[in-house]
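Notes for the structure review
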Amino acid sequence: MAVQSLASPAVRRRPAFSLGRWLEREGVFSWLMVALPVAFLVALVGYPFFYGIWISLQNRPVAQPGVFVGFANFIADWHDPVFRLVVVNTFVYTIAATLLKMVGGLGLALVMNQDFRFKNLARALLLLPFIVPTVLSTIAWQWILDPAFSVINWALMATGLANPGPSWLGNPYLAMFSLIMVNTWRGLPFYAITLLAGLQTIPPELYEAATIDGAGRFARFRYVTLPLLKPIIFIVTMFSVIFTFADFQLIYVLTRGGPANATHVFATYAFDIAMGAGQFGQGASIALSMVPPLALIILAMAIYLRPAKS
C-alpha cells in the first residue's frame, strides 16, 4: 500500500492540454494577433491587386468577356503619347509637392516647437486643412481659383498687378501649379504635426551641450536636429510620396485631368480609360504602371536615409 501511495502522485502530475496555457505561449499569441490584419489585407488589398493584374493582361471592354492578350496593354500604353505625358505629370506633381511639404512642414514644426501665447490653439488650427474632407476643401479651392469669381484674381486686379486675372485652371502650366499648391496646403499639417512630435523627443541637454561647445543656431539645427529627425522625415516623406503619387480626388475634382491632359496623373487617366472609355484592361494596366516607379522611389529613399554605419 505504501508503494501505491508513493506512485499515485506521479501519475497525477502528467501534464494535460490547457487551451489557456497554449494561448499564452509567445509564438501562438503573436500569430493570433497578426492573423486578423493579414486576413484583412488579403481580402481588401491582395485580392483586388492580383485581380487587377489579371485584368491588365486581357482585352476587357465593358460588358464583354475578357480575352487574354499578355503584355499588349502595357506595350500600347508605352506607345501612347498621352500616357508618356501622364508619367511626366505624375513625377512633376509628386516631386514638387513633396519638396514643398517637407520644407514648409519642417519650418512650421520648428515654429510650433517654440513657446508662445496661444500655442495650443495654433496647433489645433494647423490641423484644419488635413481634417476637412478632401472633396469639400477642393470645391472651395475651385471657387478660389475660378476665373470669374476668384478672390485671388480680384486681389490682383484691385492692386493693378493683372487685368484680367489669369485662368488658373484653364492654362496647362497654371493648372499644374495650382494643383501643386493645393496639395501642399493640404499636406502641410501632416508633415508639421509629425515632425513636431519628433522634435519634442529630442533631449534639451543635447542643445545645451552643443551651445556650450560654441554651436550657433544653424549648427545646432544641422548637427543635432536633422540627424535625430532623419528616421521620422523618412517615414513621413514615404507616406507623402505614396499619397501624392496615387492622388485622385483633388485632381479629378479640380481639373479632371485637363486642360488638354496637362494635369492627368496615373490614377485619373486610368479612371478615364476604364470608366469613361470602358476599357477595363487598358485602365488596369495604366494603374499598375505606377507600382514599379513608386517602389523604386521608396527604395532609393530608404537607401539614402539609412542610418550611417558607426
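Position numbers for residues count from 1 along each chain, tracking the sequence in the order it is written. At least 70 in pLDDT is required for a residue's local features to be given in this predicted model, at least 80 for side-chain atom pairs to be given and counted, and no such filter applies to totals for whole chains, interfaces and linings, which use all residues. The basis for the side-chain values is all heavy atoms of the structure; hydrogens and waters are excluded.

**Here we look at the overall build of the protein chain**
We count a stretch as a helix when DSSP gives it H or I for four or more residues in a row; a strand needs E for two or more, and each element gets its number in order from the N terminus. Regarding its fold elements, the protein chain presents 16 helices and two strands. Taken over 310 residues, the protein chain has a buried fraction of 33%. Contacts are assigned to residue pairs that have any heavy atoms within 4.5 Å of one another. Long-range pairs, those at least 24 residues apart, make up 66% of the contacts in the protein chain between residues at least 6 apart in sequence. Accessible surface is estimated by sampling points in the Shrake-Rupley manner with a 1.4 Å probe; for residues, cover comes only from the protein chains shown. Of the roughly 19,500 Å² of accessible surface on the protein chain, 72% is carried by carbon and sulfur atoms. Exposure classes here rest on a 1.4 Å probe applied to the protein chains alone. A residue is buried below 20% of its type maximum, exposed above 50%, and partly exposed in between.

**Re the packing of aromatic side chains**
Centres within 6.5 Å make a pair out of two Phe, Tyr or Trp rings, where for Trp the six-membered ring is used; the pair is then stacked when the planes are under 30 degrees apart, edge-to-face when over 60, and tilted otherwise. Summed over all chains, the structure comprises 13 aromatic pairs. The interplanar angle of 85° and the centroid separation of 5.6 Å between the aromatic rings of F91 and F245 together place this pair among those described as edge-to-face. Placement of F91 in helix α5 (residues 81-112) and of F245 in helix α12 (residues 217-245) is noted, with a sequence separation of 154 residues between them. Among the aromatic side chains, those forming a connected cluster through ring pairs are F83, F91, F245 and F266.

**Brief notes about a nonpolar patch on the surface**
Here the term patch refers to residues with relative accessible area over 30% and no salt bridge, with like charges joined within 9 Å and nonpolar side chains (Val, Leu, Ile, Met, Phe, Trp, Tyr) within 5 Å. The rule for a salt bridge is simple: a side-chain nitrogen of Lys or Arg has to be within 4 Å of a carboxyl oxygen of Asp or Glu. A cluster of nonpolar side chains, contributed by F118, L121, L125, L127, L128, F130 and I131, occupies part of the molecular surface with about 680 Å² of accessible area. With respect to the helices, strands and loops of the structure, F118 is situated in the loop between α5 and α6 (119-126). Among the residues examined, F118 registers a relative accessible area of 58% and is labelled exposed.

**Some points on the side chain of S137**
Within the secondary structure, S137 sits in helix α8 (residues 134-144). For S137, the side chain forms a polar contact with the main-chain oxygen of T134, separated by 3.0 Å. Aside from chain neighbours lying at most four places away, what touches S137 is V132, W185 and R186. For the purposes of these results, a polar contact is taken to be a pair of N or O atoms within 3.5 Å, where, inside protein, one atom must be able to donate a hydrogen and its partner to accept one; residues adjacent in sequence count only when each atom of the pair is a side-chain atom.

**Details of the environment of A97**
Inspection of the secondary structure puts A97 in helix α5. Classification of A97 by relative accessible area gives buried; the value is 0%. Along the sequence, A97 and G187 sit 90 residues apart, while their C-alpha atoms lie 8.7 Å from each other. Once residues within four sequence positions are removed from consideration, A97 is found in contact with I180, N183, T184 and T244.

**So, the layout of surface pockets**
Cavity means a closed set of points on a 1 Å grid over the protein atoms alone, one where a 1.4 Å probe fits but cannot get out, pocket means an open set with protein on both sides within 12 Å along at least 5 of 7 lines, and lining means a residue has an atom within 4 Å of a point. Grid points are joined across faces, edges and corners, and a volume is the space filled by probe spheres set on the points. Its boundaries defined by the atoms lining it, the largest pocket holds a volume of some 470 Å³. In this structure, the largest pocket is lined by 15 residues; those nearest its centre are L110, N113, Q114, Y207 and T225. Of all the secondary structure elements, the ones that give two or more residues to the lining of the largest pocket are α11 (204-212) and α12. No other element matches α12, which puts four residues into the lining of the largest pocket. Taken together, the residues of the lining of the largest pocket sort by class into seven nonpolar, four polar and four charged. Each residue gets one label: Ala, Val, Leu, Ile, Met, Phe, Trp, Tyr, Cys and Pro are nonpolar, Asp, Glu, Lys and Arg are charged, and the others, such as Gly, are polar.

**Some thoughts on the packing of α5 against helix α10 (residues 172-199)**
Helices that pack against each other are described as a pair by the angle of their axes relative to one another and the distance between those axes. Axes, fitted as lines to C-alpha atoms, cover a helix only where it is in contact. Angles between the N-to-C directions of the axes lie from 0 to 180 degrees. Between α5 and α10, the shortest axis-to-axis distance is 6 Å and the interhelical angle comes to 40°. By the angle between their directions, the pair α5 and α10 is classed as oblique. In this structure, α5 crosses over α10, and the sense of that crossing is right-handed. Grouping the constituent residues of the contact of α5 with α10 by class yields 21 nonpolar, seven polar and one charged. Should an angle lie under 35 degrees it is considered roughly parallel, over 145 roughly antiparallel, and from 65 to 115 roughly perpendicular; all remaining angles are considered oblique. Each crossing gets its hand from how the near helix is turned against the far one by less than a right angle, where anticlockwise is left-handed and clockwise is right-handed.

**Section: the side chain of T184**
Tracing the backbone through its elements, the reader meets T184 in helix α10. Given the relative accessible area of 8%, T184 is considered buried. Setting aside residues up to four positions removed in sequence, T184 forms contacts with A97, L100 and K101.

**Things to note about the nonpolar core**
The tendency in soluble globular proteins is for nonpolar side chains to be buried side by side. Residues grouped as a nonpolar core are buried Ala, Val, Leu, Ile, Met, Phe, Trp, Tyr and Cys residues, joined through side-chain atoms within 4.5 Å. Counting residues in each nonpolar core, the largest one holds 15 residues, and the members touching the most others are A109, L195, L199 and L229. Elements with a minimum of two residues in this core: α5, α10 and α12. Ranked by residue count, the leading element in this core is α10, at five residues. Setting aside its immediate chain neighbours within four residues, L195 contacts G105, L106, A109, L229, I232, I233 and V236.

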